[in-house]
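Summary of structural features
Listed below are the residues making up each chain.
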Amino acid sequence: MSQRRRLAISRPVTGACGKTGSWRVFSPLIDREKCNACGLCAMYCPEAAISEDLAIDYDFCKGCGICANECPKKAVSMEREDK
Amino acid sequence: MLTVATGNKAVAAAVKEAAPAVVAAYPITPQTEIVEQIAEYVSSGELRSQYIPVESEHSAMAACIGASVTGARTFTATSSQGLQYMHEMVNWAAGARLPIVMANVNRALGPGWNIWAEHTDAIQERDSGWLQVYVGSVQEAFDAVLMAFAIAEDERVLLPVMVNLDGFLLSHTMQPFEVARAGDFIPPLHLPHAIDPAAPGGYGTLTGPEDYFKLRWDIERSMRDSAGVIRETQERFARTFGRKYGMAEEYRCEDAEVIVVAMGTLGREAEVAVDLLRGEGIRAGSMRVRWFRPFPRLDLSGRDVVVIDRDYSFGFGGVLAGSLAAAGGARPFSVIAGLGGQEVTYEDIAGFVRERRPGEEFWFGVNGDV
Amino acid sequence: MFEVRIHSRGGQGGVTAARLLALAAVRDGKYATAFPFYGAERRGAPVVSFVRIDGSPIRISSQIRKPDLVIVLDPSVMDVVDVLQGIKPGGRVLVNAREPRDMGGHPACSVDLTGIALREKLEVAGSPILNTAVLGALAKMGIISMESAKSAIREMFSDPRNVSAAEAAYRELAA
């Protein structure tokens with residue numbers, strides 16, 4: 001009986017929508033000089049693609065630019081992808 | 001031990017026997033004594049439940065949903081305006097396939113403001129996926145709550161069950177009542193989709209057009225399967241406690257030429273009308289519909305049918321009458337009576353039968369000038 | 001089927017009287033149902049409650065229109081309420097009063113329930129408890145047995161003065 005699907009339950013999987021990195025048109029770049037490691041970018045990142053030590057996982061960063069927009073030091077710049 | 005108690009006290013006593021892990025409820029006339037009594041059982045230690053007083057009926061059902069999804073047995077109770085306020089969560093509970101049991105003390109909907117008996121409140125929840133049973137006596141209120149847990153929690157059902165009792169006419173009426181020890185009548189609850197910290201999941205998540213309808217079908221499939229589970233549970237109840245219940249209670253229908261169909265206390269008072277009519281040579285019978293969802297198949301063919309609706313669906317008609325007409329068979333004489341506690345006696349019911357006009361609708365007490 | 005209508009005021013224990021009577025009848029091996037009419041309850045407002053007693057389960061929920069017995073716990077309601085309305089021919093009346101009074105020619109009994117309650121110091125929030133004493137009067141009238149009256153009282157109230165009040169009413173009932 002239990003394999004019967006009575007209701008919608010989604011199980012969390014890394015990259016449930018596949019590697020969202022391919023969605024990027026612009027890439028965030030962190031300028032280590034300006035950055036004071038406040039961690040806001042990591043907190044705001046909708047894909048949780050920024051690690052605690054502020055390294056960006058470009059497999060999953062979808063280039064939404066929220067980190068750049070929220071960074072109080074303007075240390076993140078959105079650069080065009082030269083695809 | 002036989003005693004005398006109100007419908008509300010009987011419901012609370014049954015909840016004590018079922019021993020839910022969580023009771024979350026908001027008080028409202030005429031349901032109040034149910035939740036008051038349960039709170040007393042909890043504070044006196046007679047019932048080891050977590051009683052959560054909430055800030056509204058919407059929160060009451062939300063709390064029940066949160067509790068039930070952990071696999072905990074859960075109960076709540078409400079009435080009328082409260083049930084309406086809870087409506088969104090009522091639907092959620094069914095969609096989330098949570099076997100929550102709720103007692104609803106049927107009461108009219110305002111305005112006009114009215115605290116007396118009417119079925120429209122629960123009937124407005126008929127499409128929600130909840131099973132619904134309407135009881136006719138204090139003992140039946142106790143019995144139906146016990147059975148509701150066993151039915152809701154059966155793996156072939158896993159749908160919430162609403163036990164309806166008439167406001168004041170049952171909730172506050174004292175009748176003889178036998179408290180039965182539930183013992184192991186209600187098997188322990190095993191919820192297949194209970195949340196599990198070791199296997200986290202997203203519940204009620206986005207379900208696209210290609211999947212959603214399948215899950216809704218599964219609710220209907222379970223609703224249809226529930227009829228069998230109800231019969232099984234009622235038979236097991238009769239073997240265990242000696243009291244027999246059907247999907248509907250038939251009274252002197254075998255050779256009846258006309259059958260009165262009603263729910264709740266009116267269904268029982270109809271039996272007295274049947275006896276009266278039989279005394280006048282009118283071969284009448286009555287069927288008190290207990291299970292309104294899943295809607296039962298009634299054998300009414302070849303006989304006049306008088307349906308008494310203590311409810312109304314504006315622009316359509318009595319819902320019980322409409323449902324029976326839709327299920328085939330002759331169009332009933334649809335009597336709208338008892339709204340907002342309007343008094344309807346067995347003599348009135350006998351009058352409906354004597355002056356029946358099949359296919360027509362009659363609002364009791366309404367004459368030309370109203 | 002024996003139908004009883006109890007007239008009192010809010011806070012005088014009319015509903016509990018109905019329940020006690022129903023419980024006593026059940027202890028006598030009968031079926032009973034008791035229910036108040038719930039209007040707008042206010043302390044002091046006239047209220048009415050009903051009891052039906054029968055040999056088989058009672059399937060009627062509507063109010064009692066033609067009582068076999070009317071109990072008037074507070075005679076002052078008679079100024080505003082026709083307590084005898086619909087009473088069956090030969091229907092009896094029990095009035096909480098010091099002396100018997102004419103009740104429209106119906107066989108009437110009276111007993112000073114208030115006096116008994118005050119004597120037994122049976123009061124709640126300043127109003128004398130009438131509903132346990134009245135059971136004694138009903139036993140004397142043969143509606144219920146005294147033995148069931150006492151067990152019903154004991155089941156609902158621990159204070160022994162309630163039983164002695166019923167015994168007093170049993171003794172003092174004036175037909």
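Just so you know, these numbers come straight off a predicted model, no measurement behind them. (Residues numbered from 1 in each chain as written. Chains lettered and ligands numbered in written order. Predicted model: local features only at pLDDT ≥ 70, side-chain atom pairs only at ≥ 80, totals over all residues. Heavy atoms only, no water.)

Things to note about the overall build of chain A
Just so we agree on the cut-off: Numbering of helices and strands runs from the N terminus; a helix is a DSSP stretch of H or I covering at least four residues, while a strand is a stretch of E covering at least two. Only C-alpha atoms enter the radius of gyration; for comparison, a globular chain is expected to reach 2.2 Å times N to the power 0.38, where N is the number of residues. Contact criterion: two residues are considered in contact whenever any of their non-hydrogen atoms come within 4.5 Å of each other. Per-residue accessibility takes into account occlusion by the displayed protein chains alone, with areas from the Shrake-Rupley method and a 1.4 Å probe. Residues counted as positive are Lys and Arg, residues counted as negative are Asp and Glu, and His and the chain ends are not counted. A single reference atom marks each charge: NZ on Lys, CZ on Arg, CG on Asp, CD on Glu.
Secondary structure summary: chain A contains two helices and three strands in total. When its helices and strands are written in sequence order, chain A yields β-β-α-α-β. Compactness check: chain A gives a C-alpha radius of gyration of 16 Å against a globular reference of 12 Å for 83 residues, more than 25% above the reference. With the principal axes as the frame, chain A shows a C-alpha extent of 60 × 30 × 20 Å. Within chain A, counting contacts between residues at least 6 apart in sequence, those at least 24 apart form 67% of the total. Within the structure as shown, chain A displays about 5,600 Å² of accessible surface, and the carbon and sulfur contribution to it stands at 53%. Looking at charge distribution, chain A has the averaged site of its 13 positive side-chain charges lying 12 Å from that of its 11 negative ones.

A closer look at the interface of chain C and chain B
Definition in use: A quick way to say it: buried area is the sum, across both parts, of accessible area lost when two parts are put together, with a 1.4 Å probe. For salt bridges, the criterion is a side-chain nitrogen of Lys or Arg within 4 Å of an Asp or Glu carboxyl oxygen.
Every contact between the two is made by 25 residues of chain C and, on the other side, 24 residues of chain B. Interface of chain C and chain B: buried area, both sides summed, is about 2,000 Å²; carbon and sulfur atoms make up 55% of it. Our count for the chain C to chain B interface comes out at three salt bridges. Close ionic contact of B:Glu271 with C:Arg59 constitutes a salt bridge, the shortest N to O distance being 3.2 Å.

What about the sheet that holds strand β11 (residues 258-262) of chain B?
Residue and element names in this part refer to chain B. For the record, the criterion: The pairing criterion is simple: DSSP has to find at least two bridges between the two strands. Axis lines are fitted to C-alpha atoms, over the contacting stretch for helices. Their N-to-C directions set the angle, which ranges from 0 to 180 degrees.
Judged by pairing direction, the sheet is mixed, and its six strands sit side by side in the order β10-β12-β11-β14-β15-β16 without closing on themselves. Each edge of the sheet is formed by a strand with only one pairing partner; in this case those strands are β10 (248-251) and β16 (361-363). The sheet shows a mean angle of 20° between the axes of neighbouring strands, direction not considered. Bridging between β11 and strand β14 (residues 304-309) involves four bridges; their strand directions are parallel. Bridge pairing in β14 links Ile259 to Val305. Sitting on the sheet, helix α10 (residues 319-326) is in contact with β11, β12 (284-289), β14 and β15 (333-336), with an inclination near 145° to β14.

A look at the domain arrangement of chain B
All names here are of chain B. What counts here: Those domain boundaries reflect an automatic or database domain assignment. Any pair of nitrogen or oxygen atoms within 3.5 Å is treated as a polar contact; in protein, a donor-acceptor pairing is required on top of that, and neighbouring residues in sequence qualify only through side-chain atoms on both sides. Throughout, the ten residues Ala, Val, Leu, Ile, Met, Phe, Trp, Tyr, Cys and Pro are labelled nonpolar, Asp, Glu, Lys and Arg are labelled charged, and all others, Gly among them, are labelled polar.
Annotation of chain B at the domain level lists domain 1 (2-192 + 206-241) and domain 2 (248-363). Distance from the C-alpha centre of domain 1 to the C-alpha centre of domain 2: 26 Å. Contacts between the two partners involve 30 residues from domain 1 and, on the opposite side, 20 residues from domain 2. The tally of links from domain 1 across to domain 2 stands at two salt bridges. Across the pair Glu140 and Arg288 runs a salt bridge whose closest N-O atoms are separated by 2.8 Å. At the surface where domain 1 touches domain 2, the tally comes to 16 residue pairs in polar contact (both at pLDDT 80 or more). In terms of residues, the side of domain 1 that touches domain 2 owes the most to one element, helix α8 (residues 212-241), which gives five residues. Of the residues in the side of domain 1 that touches domain 2, the class split is 17 nonpolar, eight polar and five charged.

Some details on the packing of aromatic side chains
Residue and element names in this part refer to chain B. For clarity, the cut-off: Stacked, edge-to-face and tilted labels apply to pairs of Phe, Tyr and Trp rings (six-membered ring for Trp) whose centres lie within 6.5 Å, assigned for plane angles under 30 degrees, over 60, and everything in between, in that order. Note on classification: 1.4 Å probe, protein chains only; a residue is buried when its accessible area is under 20% of the maximum for its type, exposed when over 50%, partly exposed between these limits. Charge-over-ring contacts are defined here by two conditions on Lys NZ or Arg CZ: a distance within 6 Å of the ring centre and an angle within 35 degrees of the ring normal.
Scanning all chains against the criterion turns up 15 aromatic pairs over all chains. Both rings, one in Phe185 and one in Phe237, keep their centres 5.5 Å apart while their planes meet at 85°; by these two values the pair is edge-to-face. Of this pair, Phe185 sits in the loop between β8 (174-178) and β9 (202-203) while Phe237 is found in helix α8, placing the two residues 52 residues apart along the sequence. Using a relative accessible area of 2% as the deciding quantity, one classes Phe185 as buried. Under the relative-accessibility criterion, Phe237 is labelled buried at 0%. Ring plane angle 85° and centroid distance 5.9 Å describe the contact between Phe292 and Phe295, whose orientation is recorded as edge-to-face. On the basis of relative accessible area, Phe295 is assigned to the partly exposed category, the value being 23%. Its guanidinium or amino end placed over the ring of Phe185, Arg236 lies 4.3 Å from that ring's centre, counting from NZ or CZ.

Considerations on the side chain of B:Asp309
All names here are of chain B. Within the secondary structure, Asp309 sits in strand β14. Despite being buried, Asp309 has no salt bridge partner; Arg126 is the closest side chain of opposite charge, sitting 9.2 Å away. A distance of 2.7 Å separates the side chain of Asp309 from the backbone nitrogen of Leu320, its partner in a polar contact. Beyond its immediate chain neighbours, meaning those up to four positions away, Asp309 contacts Gly318, Val319, Leu320, Ala321, Ser334, Val335, Ile336, Ala337 and Leu339.

Points about the interface of chain B and chain A
Listed by partner, the interface residues are 21 residues for chain B and ten residues for chain A. Roughly 1,400 Å² is buried in total at the junction of chain B and chain A, and carbon and sulfur atoms are behind 52% of that figure. Area buried by chain B at its contact with chain A is led by B:Glu155, B:Tyr203 and B:Leu215, which between them contribute 30% of it. In this structure, the connection of chain B to chain A is made through two salt bridges. With a shortest N-O distance of 2.7 Å, B:Asp218 and A:Arg4 are connected by a salt bridge. Here chain B is connected to chain A by seven residue pairs in polar contact (both at pLDDT 80 or more). Those elements that provide at least two residues to the side of chain B that touches chain A are β9 and α8 of chain B.

As for the nonpolar core
We count it as follows: Among buried residues, those of type Ala, Val, Leu, Ile, Met, Phe, Trp, Tyr and Cys that are joined through side-chain atoms within 4.5 Å constitute a nonpolar core.
With 57 residues, the main nonpolar core has B:Val11, B:Ile38, B:Phe75 and B:Leu131 as its most contacted residues. The greatest single-element share of this core, amounting to twelve residues, is contributed by helix α7 (residues 138-152) of chain B. Apart from residues no more than four positions distant in its own chain, B:Val11 is found in contact with B:Ile34, B:Phe75, B:Ala103, B:Ala141, B:Val145 and B:Leu165. If you look at the next biggest cluster of nonpolar residues, it comprises 48 residues, including C:Ile6, C:Val51, C:Leu113 and C:Leu122.

Notes on the pairing of strand β1 (residues 2-9) of chain C
Regular strands place side chains that alternate from one sheet face to the opposite one. All names here are of chain C. Burial of β1 is extensive: seven of the eight residues sit out of reach of the surface. Alignment of β1 against strand β4 (residues 69-72), held across four bridges, turns out to be parallel. Residue pairing in the sheet places Arg5 in a bridge with Val70 of β4.

Looking at the sheet that holds strand β7 (residues 161-166) of chain B
Residue and element names in this part refer to chain B. Taken in spatial order, the seven strands make up an open sheet running β3-β2-β4-β5-β7-β6-β13, and their pairing is mixed. Looking along the sheet, the strands with just one partner apiece sit at the ends: β3 (50-53) and β13 (291-293). Ignoring strand direction, the axes of neighbouring strands in this sheet form an average angle of 20°. Pairing of strand β4 (residues 74-78) with strand β5 (residues 101-106) involves four bridges; the strand directions are parallel. Paired with Thr76 across the strands is Met102, a residue of β5.

Thoughts on the packing of helix α4 (residues 146-156) of chain C against helix α5 (residues 161-172) of chain C
All names here are of chain C. The condition that has to hold: Orientation labels follow simple angle bins: below 35 degrees gives roughly parallel, above 145 gives roughly antiparallel, 65 to 115 gives roughly perpendicular, and whatever is left gives oblique. A crossing counts as left-handed when the near helix is turned anticlockwise from the far one by less than a right angle, and as right-handed when that turn is clockwise.
The contact between α4 and α5 brings their axes to 9 Å, and the two run at 155°. Between α4 and α5, the crossing angle belongs to the class labelled roughly antiparallel. The crossing of α4 and α5 is right-handed. In this structure, α4 contributes Met146, Lys150, Ile153 and Arg154 to the contact, and α5 contributes Asn162, Val163, Ala166, Glu167 and Tyr170. For the contact of α4 with α5, a count of residues per class yields five nonpolar, one polar and three charged.

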